[in-house]
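A structural walkthrough
This is what each chain is made of:
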Amino acid sequence: MLMPKIYTENHLLLYLYNELTDEEVVELNAELARNPVLFQQYQQLKSGINALNKLSVEPSQTSVELIMEYAQKLAASELEKV
Amino acid sequence: MNMQTISDHELVTLYQSGTQTALEELIKRHKRSIFSAIYLLVRDRPLAEDIFQETFIKIIHTLRSGNYNEEGKFAGWAVRVGRNLTIDYIRKMKRDVTITDSEGNGIFDYLVIAEESNEDKIIKYQSESQLKNLIKLLPEEQREVLIMRHWGDMSFKEISEKTGVSINTALGRMRYALNNLRKMMVAKGVQI
């Protein structure tokens, strides 16, 4: 008889950062639905990650504008060629 | 058409068919993660701005040439384009890749609250400062993994190779970092 797989917080981290295969995700989703202890651990890790998500560095608005300007010029030059 | 409600995949398709506002929405959605990944590696804001622009120029050409084939996973691909350009630059310049600059400032010194909400700005600023200070209190090896995984978008395998530890050790450090951070936030009453 196969021993049931034991999931740890390491599995949950890989899950939260999208590093599991599709098959592993399906298995872990099923385990989360039936294992309240694991689900609680998942929620705790997720709340930490959610807090980190509120912090980031942003590029300047000038950079964004320069990219859009480049894209528009490129589109216009391609139209001229047609 | 409301660009905010459609998927990245649809935005890519729209941009490829000539809708410039679709590109604008893609930039808006992913600029923070792409820029953070670049900035983390170079630790130089003007240089990070240049590489960020180069990244999108490469993305634009790839999308318009029809060579894009990521099956809807635009975000991960775009961050990889940015990271690869940054690593190429670092190799050319033979810069070291570390998480702090020459004056000892870490990425946290430059982090800002990403999104506006209706909360009072003073409270938000205090929460931001508190959270950054709490992250600085983490043991160095935990803080390093946290930065590499969360803002550097490196996989745990890449982190283990870079830091010379096993994947399980890298995962363990991340786990301790998140759990310690959560406990400190509760103890200090930090809410974000």
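Bear in mind that the values here come from a model prediction, so they are computed numbers and not experimental data.

Rules behind the numbers
- Position numbers for residues count from 1 along each chain, tracking the sequence in the order it is written.
- By the order in which they are written, chains take letters starting at A while ligands take numbers starting at 1.
- Selection of residues for local features in this predicted model requires a pLDDT of at least 70, selection of side-chain atom pairs for listing and counting requires 80 or more, and totals for whole chains, interfaces and linings are taken over all residues.
- To qualify as a helix, a DSSP run of H or I must reach at least 4 residues; to qualify as a strand, a run of E must reach at least 2; elements of each kind are numbered from the N terminus.
- Three exposure classes are used. Buried residues have 20 or more other C-beta atoms within 10 Å of their own C-beta, exposed residues have 12 or fewer, and partly exposed residues fall in between, all C-beta atoms being placed from the backbone.
- Each residue gets a C-beta atom placed from its backbone, and two residues are in contact if those atoms lie within 7 Å.
- We call Asp, Glu, Lys and Arg charged. Ala, Val, Leu, Ile, Met, Phe, Trp, Tyr, Cys and Pro are nonpolar, and the rest, Gly among them, are polar.
- Residues enter a nonpolar core if they are buried, belong to Ala, Val, Leu, Ile, Met, Phe, Trp, Tyr or Cys, and are joined to the set through C-beta atoms within 7 Å.
- Each residue after the first adds 1.5 Å to the expected span of a helix.
- Residue-level confidence of the predictor, termed pLDDT, takes values from 0 up to 100.
- Axis geometry follows a simple rule: fit a line to the C-alpha atoms, using only the stretch in contact for helices, then measure angles between N-to-C directions, giving values from 0 to 180 degrees.
- Should an angle fall under 35 degrees it is called roughly parallel, over 145 degrees roughly antiparallel, and 65 to 115 degrees roughly perpendicular, with every other angle called oblique.
- When the near helix sits turned anticlockwise from the far one by under a right angle, the crossing is termed left-handed; a clockwise turn instead gives a right-handed crossing.

Considerations on the overall build of chain A
What chain A contains, in helices and strands, is four helices and one strand. Each helix (α) and strand (β) of chain A, taken in turn from the N terminus, gives the series α-α-α-β-α.

Looking at the overall build of chain B
On a plain count of helices and strands, chain B comes out with eight helices and one strand. The helix and strand sequence of chain B, counted from the amino end, reads α-α-α-α-β-α-α-α-α. Taking all 192 residues of chain B together, 33% fall into the buried category. The long-range fraction of contacts in chain B, counting pairs at least 24 apart against all pairs at least 6 apart in sequence, stands at 63%.

Considering the environment of Gln53 of chain B
Tracing the sequence through the fold places Gln53 of chain B in helix 3 (residues 45-65). Considered as a pair, Gln53 of chain B and Gly82 of chain B are 29 residues apart in the sequence and their alpha carbons are 9.3 Å apart. Once you skip the residues sitting within four places of it in the chain, Gln53 of chain B turns out to touch Ser63, Leu66 and Ile67 of chain A.

Considering the interface of chain B and chain A
At the interface, 36 residues of chain B touch 30 residues of chain A. Put simply, the parts of the chain that give the side of chain B that touches chain A at least two residues each are helix 2 (20-42), helix 3, strand 1 (112-113), helix 5 (121-137), helix 6 (140-151) and helix 8 (167-188) of chain B. Here the side of chain B that touches chain A takes nine residues from helix 2 of chain B, the largest share from any one element. Here the residues of the side of chain B that touches chain A are counted per class, giving 21 nonpolar, seven polar and eight charged.

Comments concerning the nonpolar core
Residues and elements named next belong to chain B. If you look at the biggest cluster of nonpolar residues, it comprises 53 residues, and the most contacted ones within it are Ile38 and Met174. Among the elements that take part in this core, helix 2 stands out by supplying 12 residues, more than any other. Leaving out residues up to four positions away in the same chain, Ile38 has contacts with Ala48, Ile51, Phe52, Gly82 and Thr86.

Structural notes on helix 3 of chain B
For helix 3 of chain B, with 21 residues, the first-to-last C-alpha span of 30 Å sits near the 30 Å given by 1.5 Å per residue. Buried residues belonging to helix 3 of chain B abut helix 4 (61-81) of chain A together with helix 1 (8-16), helix 2 and helix 4 (74-93) of chain B.

Details of the confidence of the model for chain B
Residue and element names in this part refer to chain B. In the predicted model, chain B carries a mean pLDDT of 82, and the fraction of residues at 70 or more is 81%. Across chain B, helix 3 holds the top mean pLDDT of 95, while strand 1 sits lowest at 48. Predicted complex, confidence summary: ipTM 0.74, pTM 0.64.

Thoughts on the packing of helix 2 of chain B against helix 4 of chain B
All names here are of chain B. Running from N to C, helix 2 and helix 4 cross one another at 30°; their axes reach a closest spacing of 9 Å. Taken together, the axis directions place helix 2 and helix 4 in an arrangement best described as roughly parallel. Considering the relative orientation of helix 2 and helix 4, their crossing is right-handed. Note on element contacts: helix 4 touches helix 2 through Phe74, Ala75, Ala78, Val79, Gly82, Arg83, Thr86 and Ile90, opposite Leu26, His30, Ser33, Ile34, Ala37, Ile38, Leu41 and Val42. Looking at the contact of helix 2 with helix 4, its residues break down into 11 nonpolar, four polar and one charged.

Re helix 3 (residues 36-53) of chain A
Its 18 residues give helix 3 of chain A an end-to-end C-alpha distance of 25 Å, which sits within 8% of 26 Å, the value for a rise of 1.5 Å per residue. Of all the residues in helix 3 of chain A, the buried ones are Tyr42, Leu45, Gly48, Ala51 and Leu52 of chain A.

Some points on the environment of Arg182 of chain B
By secondary structure assignment, the location of Arg182 of chain B is in helix 8. C-beta crowding within 10 Å serves as the criterion here: with 18 such atoms nearby, Arg182 of chain B is assigned to the partly exposed category. With 48 residues separating them along the chain, Arg182 of chain B and Leu134 of chain B place their C-alpha atoms 9.6 Å apart. Once residues lying within four places of it in the same chain are set aside, the contact partners of Arg182 of chain B are Gln44, Ser47 and Gly48 of chain A.

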